[in-house]
Amino acid sequence: MEMTLRWYGSQHDTVTLEQIRQIPGVKGVITTLYDTMPGEVWSRQQIRAMKAEVEAAGLHVAGIESVNVHESIKAGAADRDIYIDHYRQTLENLGEEDIHLVCYNFMPVFDWTRTELARRRPDGSTVLAYTQKAVDELIPENMFTSIAGDLNGSIMPGWEPERMEQVKELFAMYKGINEEKLFENLTYFLERIMPVCDRYDINMAIHPDDPAWSVFGLPRIITGKEKIQRMLKVVENPHNGVTFCSGSYGTNLKNDLPDMIRSLKGRIHFAHVRNLKFHSAEDFEEAAHLSSDGSFDMYEIVKALYEIGFSGPIRPDHGRMIWGEKAMPGYGLYDRALGAAYINGLWEAIEKNAKAQKAGEER
Ligand code: CS2
Ligand code: MN
């Protein structure tokens, strides 16, 4: 694995590349062209400028999160082929610039959903949280305004104000689109981009739906083991892979995370590691990465990744807001740096232990 950190670009991120470079073991960033809209073609010039900035700071671009998929593609609208062509062109340009990992998601309308961006924990840190009750009481159009006060002046990916102004129209696009139809639309998209991925060796890594069930009546399809297996089989190509995000699959307590990782051997191209603390199956908050701070056994998760021979980029995911930092919720420097150090520690211990065991067996 390669330890990385997500970076939103110098225009938008409170965290600098210089800071990222000082986190032990981090040599790569996961980034995006934050000023492009879904459906736009990324030019080679823009990609090159982004790379040059990262490289000037002594780091490299380990992958893109995300190249967002235009709503017409997800909804299977009449004009989807235009946007698929744009996506293919963007992939081609990324490939030409030697970038080989693209994370994306296929969630209708909203990216991840949280009902609080700054829930206070007993230690005084604040975290993103979710309660089903709060979602059930909200009209979707009000989702954005209900959390906007806690954004610390930042713009959250997938929650751009211009996008939120169109929420009603976006919902209308999905009338009559059930899970089966959405799955067909995903298949249609994948089949058309795979030739470009093959040509440029680009690994596509779908991010799970978060939470891993339907919200506001919208269909969700990347939620658990069977559904991902189906998606991987229907487009049986190693470039059609997944982002294994423990915090997103983990929202659904029915998901056995280490077991899922093992079942995805060879198809996990990118890993997001974070921990959640559950108060009930429908009320959880994001915890520190440390196992004992949340509900997951992080050792077992990292061990499963090690055992399947995972070799792609990995990153700590959403962190808590601590030590007075003001940053994009989930994306401050401090707690993610602690997360990276912790995951690095787990990995080193697991690796050395496995090697010692192997040497013992050979003797
Ligand atoms: C989230 C998402 O879990 C996460 O990492 O912050 O915004 C995620 O990056 C996207 O859904 C990926 O397309
Ligand atoms: Mn994630």
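Residues numbered from 1 in each chain as written. Chains lettered and ligands numbered in written order. Predicted model: local features only at pLDDT ≥ 70, side-chain atom pairs only at ≥ 80, totals over all residues. Heavy atoms only, no water.

### Remarks on the coordination of the manganese ion (ligand 2)
For the manganese ion (ligand 2), the protein coordination sphere consists of His207 (NE2), Cys245 (SG), His272 (ND1) and Asp317 (OD), at 2.2 to 2.5 Å. Along the chain, the residues donating to the manganese ion (ligand 2) are arranged with the sequence spacing H-x37-C-x26-H-x44-D. Of this pair, histidine 272 sits in strand 9 (residues 268-273) while aspartate 317 sits in the loop between strand 12 (313-316) and helix 14 (334-362), placing them 45 residues apart in sequence. There is no split in this pair, since histidine 272 and aspartate 317 are both buried. (Donors = N, O, S within 2.8 Å, 3.2 Å for Na, K, Ca; no water. Helix = DSSP H or I, 4+ residues; strand = E, 2+ residues; numbered from the N terminus. Buried < 20%, exposed > 50% of the residue type's maximum accessible area, 1.4 Å probe, protein only.)

### Digging into the sheet that holds strand 6 (residues 126-131)
Within the open sheet, the four strands sit side by side as 5-6-11-10. Their pairing is antiparallel. Lying at the two open borders of the sheet, with one neighbouring strand each, are strand 5 (116-120) and strand 10 (276-280). When the angles between neighbouring strand axes are averaged without regard to direction, this sheet yields 35 degrees. As paired elements, strand 10 and strand 11 (residues 283-286) share four bridges and run antiparallel to each other. Across the sheet, the residue bridging to serine 280 is aspartate 283, located in strand 11. (Pairing = 2+ DSSP bridges. Axes fitted to C-alpha atoms, helices over the stretch in contact; angles between N-to-C directions.)

### A look at the nonpolar core
In this structure, Tyr87, Tyr104, Phe110, Leu186, Phe189 and Met204 are the most contacted members of the largest nonpolar core, which totals 101 residues. Element by element, the count of residues in this core is highest for helix 9 (residues 179-200), at 11 residues. In this structure phenylalanine 110 touches Pro140, Met143, Trp159, Arg163, Met164, Val167, Phe171, Phe216, Leu218 and Arg220, once residues within four positions along its chain are discounted. Counting six residues, the second-largest nonpolar core is a separate cluster that includes Ile30, Leu101, Ala205 and Phe270. (Core = buried A, V, L, I, M, F, W, Y, C linked by side-chain atoms within 4.5 Å. Contact = heavy atoms within 4.5 Å.)

### Quick notes on the environment of threonine 115
Relative to the elements of secondary structure, threonine 115 occurs in the loop between strand 4 (101-105) and strand 5. Along the sequence, threonine 115 and lysine 358 sit 243 residues apart, while their C-alpha atoms lie 47 Å from each other. Once you skip the residues sitting within four places of it in the chain, threonine 115 turns out to touch Ala129, Tyr130, Thr131, Ala134, Val135, Met143 and Ile147. Within the structure, the side chain of threonine 115 is placed 3.0 Å from the backbone nitrogen of threonine 131, a separation counted as a polar contact. (Polar contact = N/O pair within 3.5 Å; in protein donor to acceptor, adjacent residues only side chain to side chain.)

### Quick notes on the site of ligand 1
In the vicinity of ligand 1 there are 16 residues, among which Glu65, Ser66, Asn105, Asp111 and Tyr331 approach most closely. Here an oxygen atom of ligand 1 and a side-chain polar atom of asparagine 105 are 2.8 Å apart. Tryptophan 112 is positioned with one of its side-chain polar atoms (N or O) 3.4 Å from an oxygen atom of ligand 1. Burial of ligand 1 by the surrounding chains reaches 99%, relative to a free accessible area of 330 Å². The dominant element in the shell around ligand 1, judged by the number of residues it contributes, is strand 4, at three residues. Split into classes, the residues belonging to the shell around ligand 1 amount to five nonpolar, five polar and six charged. (Near = heavy atom within 4 Å. Areas by Shrake-Rupley, 256 points an atom, 1.4 Å probe, with all protein chains shown as cover. Nonpolar A, V, L, I, M, F, W, Y, C, P; charged D, E, K, R; others polar.)

### Thoughts on helix 13 (residues 298-307)
Within helix 13 the residues assigned to the buried category are Met298, Ile301, Val302, Ala304 and Leu305. Buried residues along helix 13 cover an arc of 155 degrees about the axis, so they all sit on one side. For helix 13, the N-terminal cap is aspartate 297; the gap from its side-chain oxygen to the backbone nitrogen of tyrosine 299 is 3.2 Å. (Arc of directions from axis to C-beta.)

Keep in mind that these numbers describe shape and distance, not what the molecule does.
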